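# Structural features, examined
Here is how the chains run, residue by residue.
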Amino acid sequence: MRYDSDLLYRPPGEWKSYLLQCTIGCSNNQCTFCGMYKEKKFRVRPVEDILEDIDMALDYYGPGLRRVFLMDGDAIVMKTGELMQVLRKLYSAFPLLEKVTLYAGPRSTLSKSPQELKELHDAGLSRAYLGVESGSDDVLRFIHKGVDAKTMLLAGQRLVEAGIDLWVTVILGMTGANGEGGDWQEHILSTAKIINEMRPRHLSAMTFAPAKGTPLGDDVLAGRFTVCDADHILRECRMLIEHLDVDPLHFTSNHASNYLPLKGGLPEDKEKFLALIDQALEGKIRLRKTLNRGI
Ligand code: SF4
């Protein structure tokens, strides 16, 4: 119940979850588009404090909690033994608990053996959110993701193999309107390829929206990076959906950053999604006003 700041980040789908702070900030904290943890110096909280917070949550919420999200940016980085302690205490304090989820950094994921990941899954680590952003090495380098596509793929595959429900996010418009961050078609085709090889259960395609105080936000303000327009984003989204062949895949593109909200299952909704995008490109569907446009 204790947080280091008032600004708490969690995936949109975790709005019902109790947020348990296990780490502070993000172990990478270098991505040029991301402003979430820029002010925070990364550290893992002492496990005693985390266990104490679980007692506080039990007093406050009672034993009926069903979902817990482990904050901040990369809780899987915790020592496996400590993460196991947290999971065991959560499931014993809250007998109705159904899901414990976290953001997973690719390097932290790979610092654990496949056996450790399996043990974490068996102890109740239900889902991991992995920010893949792109399957293109050019784009990953451009945004300072800190890993190449091969490393990212391996991290995702390890999570899937461990039985952890994997939710991946990728970002449309990440190469810029003038190719400042690379070739957009290569970005999209490589992204479809990495997703097809990783085989997550969920995929969210967000749209790049410049954030104040970030290197890429500064580039936008200085005219060094041009944000893609809605038509371009729709074409990227179309190409991505066309090339995805994971079955089944829960697909969403309905974040506040997206122009055309899409949500459904692939492959069964593929034709419907493509038709909607085509109608939007023809101007037959009104697009959403989106988050942070025109920083
Ligand atoms: S995008 Fe993720 S990995 Fe990159 S700085 Fe933000 S929280 Fe950290």
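Along each chain, the written sequence defines residue order, and numbers are assigned to residues from 1. Residue-level local features of this predicted model are given only where pLDDT is at least 70; pairs of side-chain atoms are given and counted only at 80 or more, and the full residue set underlies all totals for whole chains, interfaces and linings. By convention in this description, side-chain values take in all heavy atoms of the structure and omit both hydrogens and water.

## Comments concerning the site of the ligand
One heavy atom suffices: a residue is near a molecule or strand as soon as one of its heavy atoms comes within 4 Å of it. Lining the immediate environment of the ligand, one finds Cys-26, Asn-28, Asn-29, Gln-30, Cys-31, Phe-33, Cys-34, Met-36, Tyr-37 and Lys-145. We call Asp, Glu, Lys and Arg charged. Ala, Val, Leu, Ile, Met, Phe, Trp, Tyr, Cys and Pro are nonpolar, and the rest, Gly among them, are polar. When the residues that make up the shell around the ligand are grouped by side-chain class, the tally is 6 nonpolar, 3 polar and 1 charged.

## Let's talk about the sheet that holds strand S8 (residues 202-207)
The strand order S1-S4-S5-S6-S7-S8-S9-S10 describes an open sheet built from 8 strands, whose pairing is mixed. Whereas interior strands pair on both sides, the edge strands pair on one side only; in this sheet they are strand S1 (18-21) and strand S10 (263-266). When strand polarity is set aside, the average angle formed by the axes of neighbouring strands in this sheet is 25°. Across 6 bridges, the pairing between strand S6 (residues 125-133) and strand S7 (residues 165-172) is parallel. Across the sheet, the residue bridging to Leu-130 is Val-168, located in S7. Throughout, a contact is declared for two residues whenever any of their heavy atoms are within 4.5 Å. Orientation is described by axes fitted as lines to C-alpha atoms, over the contacting stretch for helices, and by angles from 0 to 180 degrees between their N-to-C directions. Numbered from the N terminus, helices here are DSSP runs of H or I no shorter than four residues, and strands are runs of E no shorter than two. Strands in contact with helix H9 (residues 230-243) are S7, S8, strand S9 (249-252) and S10; relative to S7, the strand with the most contacts, it is inclined by about 145°. When DSSP finds two or more bridges between a pair of strands, those strands are recorded as paired.

## With respect to the side chain of Thr-252
Positionally, Thr-252 belongs in strand S9. Looking at Thr-252, its side chain comes within polar contact range of the side chain of Ser-204, at 2.7 Å. The residues contacting Thr-252, other than those within four sequence positions of it, are Trp-167, Leu-203, Ser-204, Ala-205, Leu-262 and Lys-263. Throughout this description, a polar contact denotes any pair of N or O atoms lying within 3.5 Å of each other; where both atoms belong to protein, one of them has to be capable of donating a hydrogen while the other can accept it, and for residues adjacent in sequence the pair is counted only when both atoms sit in side chains.

## Looking at the nonpolar core
A general feature of soluble globular proteins is that nonpolar side chains tend to end up buried together. Core analysis: the largest hydrophobic core is formed by 82 residues, its most contacted members being Leu-20, Leu-70, Val-86, Leu-90 and Phe-251. Residue contributions to this core peak at 7 residues, all from H9. Setting aside its immediate chain neighbours within four residues, Leu-90 contacts Leu-20, Ile-54, Val-68, Leu-70, Leu-97 and Val-100. Residues belong to one nonpolar core when they are buried, are Ala, Val, Leu, Ile, Met, Phe, Trp, Tyr or Cys, and are joined through side-chain atoms within 4.5 Å. The rule is simple: take the accessible area with a 1.4 Å probe, protein chains only, and divide by the maximum for that residue type; under 20% is buried, over 50% is exposed, in between is partly exposed.

Any link to function would need more than the numbers given here.
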